[in-house]
Amino acid sequence: MSTNNISKNQTYLSLGDEDSGLIEIDLVTMRQKNEEVRYLGFTFTGVNIKTNEKQEGYITLESKEQFDTLKNFFAQLEWNS
């Protein structure tokens, strides 16, 4: 079953499904030791074709510069180019 869910507050996105693969993207903001911490987290879940086992991978972008670079990259993409 395919899921394409954006959270109510627009900071979480889930695309795909358990069978073909799933990507979850979350813009996290929290306070830690009285400092604000922000990061963009990606979780990838899929099935290894060779072993048929479920695998997960994680990526975290911790700077606004990285976030803006990724945002600009997606903004300029065109599906039918």
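Scroll up to find the structure.
Reading the values: rules and limits
Residues numbered from 1 in each chain as written. Predicted model: local features only at pLDDT ≥ 70, side-chain atom pairs only at ≥ 80, totals over all residues. Heavy atoms only, no water. Phe/Tyr/Trp six-rings, centres within 6.5 Å; stacked < 30°, edge-to-face > 60°. Buried < 20%, exposed > 50% of the residue type's maximum accessible area, 1.4 Å probe, protein only. Patch = residues over 30% accessible without salt bridge, like charges linked within 9 Å, V, L, I, M, F, W, Y side chains within 5 Å. Areas by Shrake-Rupley, 256 points an atom, 1.4 Å probe, with all protein chains shown as cover. Salt bridge = Lys/Arg side-chain N within 4 Å of Asp/Glu carboxyl O. Helix = DSSP H or I, 4+ residues; strand = E, 2+ residues; numbered from the N terminus.

Asks: How would you summarise the packing of aromatic side chains if you had to cite specific residues and measurements?
Replies: A complete count under the given rule lists two aromatic pairs for this structure. Seen in terms of ring centroids, Phe42 and Phe44 are 6.3 Å apart; in terms of plane orientation they differ by 5 degrees. Their pairing is stacked. On the basis of relative accessible area, Phe42 is assigned to the buried category, the value being 11%. A ring pair is formed by Phe73 and Phe74, whose centres lie 5.5 Å apart and whose planes are at 65 degrees; its orientation type is edge-to-face. Taking relative accessible area as the criterion, Phe73 reaches 42% and is therefore assigned partly exposed.

Asks: Could you give an account of a nonpolar patch on the surface, naming the residues involved and the relevant values?
Replies: Residues Phe73, Phe74 and Leu77 make up a contiguous nonpolar surface patch of about 300 Å² in total accessible area. By the element assignment, Phe73 lies in helix α1 (residues 64-76).

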